[in-house]
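Single-letter residue listing:
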Amino acid sequence: KLQPADYALIWVIVLVMGTAGLLSGIGVGIVLASFIFTITYSRISVLKHVLSGADYPSNRARTFQQQRYLSQHAQQIRILWLQGYLFFGTAMQLVEYITELVEERAGAVRFLILDFYHCSGVDASALLSFTKLQRLAREHEVELIYTGLQPALLAQFAKDKIVTEADRDQTL
């Protein structure tokens, strides 16, 4: 079943074809369909889950000191599981969420773990958003930790200097 926006698109294409010609109708149709797709896709949340360190403790074998540290700071840890493809619409959604999380709870979040395991890719504007997130994290003394980056994503992040060589070793 078609959505109202799709019906409107069809009518606009037919009207443009009738008044300006076939190629104009196709061109307008492509532009409008791209716009509708972008709006629709940006409404889908990129956040699969958001938990604290208390809700989702580490499953790795740790020393007693490490376990105690994680336990003591569990409420300062936020884990964000990302999903889907990150582009300018969804990346802005993520930046707004993290900005609110960090600024409204000043000092409450010290470690922010971004898990990309379910993330299929990112575009250039999303990479720029992660650069903004790094600045925000530095300003608020929040440690940004990237995990689950597939090799292709890791290469993009390294190329744009979002992760360093040391970070690359930790994400693998």
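Preceding this section is the structure that the text describes.
All of the points below concern the structure found in this document. Per chain, residue numbering runs from 1 following the sequence as it is written. Only residues with pLDDT of 70 or above have their local features reported here, since the model is predicted, and side-chain atom pairs are shown and tallied only from 80 upward, although totals for entire chains, interfaces and linings are computed over all residues. Only heavy atoms go into the side-chain values, all of them from the structure, while hydrogens and water stay out.

**Structural notes on the environment of Asn59**
- Among the structural elements, Asn59 can be located in the loop between strand E1 (47-52) and helix H3 (64-72).
- Accessibility expressed as a relative area gives 70% for Asn59, which makes it exposed.
- Between the C-alpha atoms of Asn59 and Lys132, which are 73 residues apart in sequence, the distance is 30 Å. Here a strand is any run of E in DSSP of at least two residues, a helix any run of H or I of at least four, and the numbering for each starts at the N terminus. Only protein chains enter the area calculation, which uses a 1.4 Å probe; residues under 20% of their type maximum are buried, those over 50% are exposed, and those in between are partly exposed.

**Description of helix H6 (residues 151-159)**
- Regarding H6, the residues found buried are Leu153, Leu154, Phe157 and Ala158. Looking down the long axis of H6, one finds its buried residues gathered within 135 degrees of arc, a one-sided arrangement. Away from its buried face by more than 90 degrees, H6 exposes Ala152 and Lys159. By definition, the arc is the one covered by directions from the helix axis to the C-beta atoms.

**With respect to the side chain of Asp123**
- Tracing the sequence through the fold places Asp123 in the loop between strand E3 (111-122) and helix H5 (124-139).
- Side-chain atoms alone can form a polar contact between residues adjacent in sequence; in general such a contact is a pair of N or O atoms within 3.5 Å, and within protein one must be able to donate a hydrogen while the other accepts it. A distance of 2.8 Å separates a polar atom in the side chain of Asp123 from a polar atom in the side chain of Ser125.
- A polar contact is formed between the side chain of Asp123 and the backbone nitrogen of Ala126, at a distance of 2.9 Å.
- Leaving out residues up to four positions away in the same chain, Asp123 has contacts with Tyr85, Leu86, Phe87 and Phe88. Between two residues, a contact is recorded if the distance between any of their heavy atoms is within 4.5 Å.

**Examining the side chain of His73**
- Looking at the element boundaries, His73 is found in the loop between H3 and strand E2 (77-86).
- The class for His73 is buried, based on a relative accessible area of 16%.
- In terms of polar contacts, His73 uses its side chain to reach the backbone carbonyl oxygen of Tyr69, at 2.9 Å.

**Overview of a negative patch on the surface**
- Each patch is assembled from residues with relative accessible area greater than 30% and no salt bridge, linking like charges that lie within 9 Å and nonpolar side chains (Val, Leu, Ile, Met, Phe, Trp, Tyr) that lie within 5 Å. Every accessible area reported is derived by Shrake-Rupley at a probe size of 1.4 Å, with residue values counting cover from the shown protein chains alone. Salt bridge, as used here: a side-chain nitrogen of Lys or Arg that lies within 4 Å of a carboxyl oxygen of Asp or Glu. Positive: Lys, Arg. Negative: Asp, Glu. His and the chain ends are not part of the count. In this description, the location of a charge corresponds to atom NZ of lysine, CZ of arginine, CG of aspartate or CD of glutamate. Side chains of Glu100, Glu103, Glu104 and Glu139 sit close together on the surface and give a patch of like negative charge.
- Looking at the negative patch, the element that brings in the most residues is helix H4 (residues 88-104), giving 3 residues.
- Here Glu104 is to be found in helix H4.
- Judged by its relative accessible area of 62%, Glu104 falls in the exposed class.

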